[in-house]
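For reference, the chains in residue letters:
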Amino acid sequence: MHGNISLDATDRRLIEATQTGLPLCPKPYHAVAETLGLTVDEVMYRLQRMQDLGIIRRIGAVPNHYAIGYRANGMSVWDVDDNQLSELGQNVGGLDFVSHCYRRPRRLPDWRYNLFAMVHGRDQDEVIVKVSQVRQLLGNACKDHQILYSSQILKKTGLRIRAAEGI
Amino acid sequence: METQAPTPMDQIDRNILNNLQGGFPVCERPFATVADRLGLSEDELIARVERLLDDGVLSRFGPMFNAERFGGAVTLAALAVPEDRFDTVTEQVNSFPEVAHNYRRNHDFNMWFVVSSDDPDRVSGVLKEIEDVTGLSVLNLPKEEEYFLELKFEA
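Caption draft 1: Just the overall build of chain B, in detail. Helix and strand content of chain B: five helices and six strands. When the helices and strands of chain B are listed from N to C terminus, the series reads α-α-α-β-β-α-β-β-α-β-β. Taking 15 Å as the expected radius of gyration for a compact globule of 155 residues, we find that chain B reaches 20 Å, considerably beyond that expectation. Each of the three principal axes of chain B carries a C-alpha extent, and together these read 55 × 35 × 25 Å. A buried classification covers 34% of the 155 residues belonging to chain B. The long-range fraction of contacts in chain B, counting pairs at least 24 apart against all pairs at least 6 apart in sequence, stands at 57%.

Set out below in structure tokens:
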């Protein structure tokens with residue numbers, strides 16, 4: 001786990017102003033600066049700093065995977081030998097078709113799976129082929145797995161912080 | 001739940017999508033910098049990003065923040081909801097602003113949602129309130145280790 005980094009009120013205003021997106025104009029950081037009453041240098045300095053610290057994961061386009069043809073969303077869950085999990089998790093997370101890969105706790109007896117890998121495909125057949133590659137990679141360390149397909153998005157909103165409340 | 005883009009994507013759109021999921025520069029004229037790399041004009045790149053957003057091909061364009069890095073917390077939680085109560089429980093769960101995503105999935109645990117807050121105590125508080133209001137026990141699966149995180153969809 002990483003340590004936490006404290007942000008000041010200006011950082012939070014900057015997050016609040018950009019979390020739904022950057023202005024689409026030739027000088028988007030100037031536009032943000034103007035909205036917030038800051039200089040563009042300060043906006044760029046703070047954004048760069050937040051990126052260096054990992055507060056900003058990346059800046060760019062977030063595709064809607066349904067709209068670009070990835071209609072099958074399979075959450076593959078794996079029961080993997082705890083001693084080998086860190087090493088194998090890195091390998092699974094490095095596969096180019098795995099978008100998110102996490103270790104999570106088992107909750108026995110209800111839930112035995114400790115590795116989650118999100119696999120997207122154009123259809124379920126494509127997800128199955130990709131998941132079988134993960135299965136192969138895990139080898140004997142994997143005792144069981146399942147694929148949970150999403151059948152409906154019930155809610156989808158992004159991160160929302162409220163700068164005014166001085167979180 | 002699926003949105004079809006009204007304008008079919010051409011090779012330039014795909015090129016934009018495949019090259020712009022990260023690395024948008026922090027500089028005076030970032031679109032000009034990227035456009036140059038992609039062999040486009042600044043105006044054309046901006047117009048295309050705007051259209052891809054309007055068409056729903058992109059859900060957002062800008063910085064992606066990591067709440068955990070500034071003191072917040074996130075967890076993945078699941079419920080096994082009886083079918084005849086599914087709609088009611090969906091409303092109950094979605095009513096919390098801390099619930100960011102919620103998906104129906106084909107499993108006994110048929111509702112999977114992400115709870116995030118700037119205040120880590122609030123995350124456990126929301127889970128407790130969901131248990132109280134639904135009478136169902138929540139499977140709480142906070143991330144213990146992250147092996148990679150990047151959206152790498154190829155269009």
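We are not done yet, so read on.
Caption draft 2: Inspection of the interface of chain B and chain A at higher detail. Across the contact, 64 residues belong to chain B and 71 residues belong to chain A. With eight residues, strand 1 (residues 58–65) of chain B is the largest single contributor of residues to the side of chain B that touches chain A. Its residues placed into classes, the side of chain B that touches chain A shows 32 nonpolar, 16 polar and 16 charged. Strand direction decides the pairing type here: strand 1 (residues 56–63) of chain A and strand 1 of chain B, joined by seven bridges, are antiparallel. From the neighbouring strand, Arg-58 of chain A faces strand 1 of chain B, where its bridge partner is Met-64 of chain B.

Caption draft 3: Layout of the domain arrangement of chain B. We note that the domain assignment places domain 1 (11–54) and domain 2 (67–141) within chain B. Taking only C-alpha atoms into account, the centre of domain 1 of chain B sits 36 Å from that of domain 2 of chain B.

Caption draft 4: Spatial organisation of the packing of helix 1 (residues 9–18) of chain A against helix 2 (residues 28–36) of chain A. All names here are of chain A. One way to put it is that helix 1 packs onto helix 2 with a least axis distance of 11 Å and a crossing angle of 120 degrees. With respect to helix 2, the axis of helix 1 lies oblique. The way helix 1 lies across helix 2 gives a crossing that is right-handed. On helix 2, the residues touching Arg-13, Leu-14, Ala-17 and Thr-18 of helix 1 are Val-32, Thr-35 and Leu-36. Residues of the contact of helix 1 with helix 2, tallied by class, amount to four nonpolar, two polar and one charged.

Caption draft 5: Expanded view of the nonpolar core. In this structure, Val-43 and Ile-56 of chain A together with Leu-20, Val-34, Leu-45, Val-49 and Val-57 of chain B are the most contacted members of the largest nonpolar core, which totals 37 residues. Going through the elements one at a time, helix 1, helix 2, helix 3 (40–52) and strand 1 of chain A together with helix 1 (11–19), helix 2 (30–38), helix 3 (42–54) and strand 1 of chain B are the ones with two or more residues in this core. With sequence-adjacent residues up to four places away left out, Val-49 of chain B is seen in contact with Leu-24 of chain A together with Ile-16 and Phe-61 of chain B. Grouped together as the second largest cluster of nonpolar side chains are 23 residues, Ala-117, Val-127, Val-131 and Val-134 of chain A included.

Caption draft 6: Layout of the domain arrangement of chain A. Each assigned domain of chain A is listed here: domain 1 (9–62) and domain 2 (72–149). Relative to domain 2 of chain A, the C-alpha centre of domain 1 of chain A lies at a distance of 35 Å.

How each quantity is defined
- Counting from 1, residues in each chain are numbered in the order their sequence is written.
- Starting at A for chains and at 1 for ligands, labels are handed out in the order in which the entities are written.
- Since the coordinates come from a predicted model, pLDDT governs what is reported: local features require at least 70, and pairs of side-chain atoms require 80 or more to be given and counted, while whole-chain, interface and lining totals use all residues.
- Secondary structure is summarised from DSSP: a helix means a run of H or I of at least four residues, a strand means a run of E of at least two, and numbering begins at the N terminus for each.
- For this measure, only C-alpha atoms enter the radius of gyration; the expected value for a globule follows 2.2 Å times N^0.38, where N is the number of residues.
- Remark: C-beta atoms are placed from the backbone, and a residue is labelled buried if 20 or more other C-beta atoms sit within 10 Å of its own, exposed if 12 or fewer do, or partly exposed between those counts.
- Whether two residues are in contact depends on their C-beta atoms, placed from the backbone: they are in contact if these lie within 7 Å.
- All residues other than Ala, Val, Leu, Ile, Met, Phe, Trp, Tyr, Cys, Pro, Asp, Glu, Lys and Arg, Gly among them, are scored as polar; the first ten of these are nonpolar and the last four charged.
- What makes two strands pair is DSSP finding at least two bridges between them.
- The split of the chain into domains comes from an automatic or database domain assignment.
- The angle between two axes is taken between their N-to-C directions and runs from 0 to 180 degrees, where each axis is a line fitted to C-alpha atoms and a helix contributes only its stretch in contact.
- To sort the angles, those under 35 degrees are grouped as roughly parallel, those over 145 as roughly antiparallel, those from 65 to 115 as roughly perpendicular, and the leftovers as oblique.
- Take the far helix as the reference: if the near one is turned anticlockwise from it by less than a right angle, the crossing is left-handed, and if turned clockwise, right-handed.
- Definition of nonpolar core: a set of buried Ala, Val, Leu, Ile, Met, Phe, Trp, Tyr and Cys residues joined via C-beta atoms within 7 Å.

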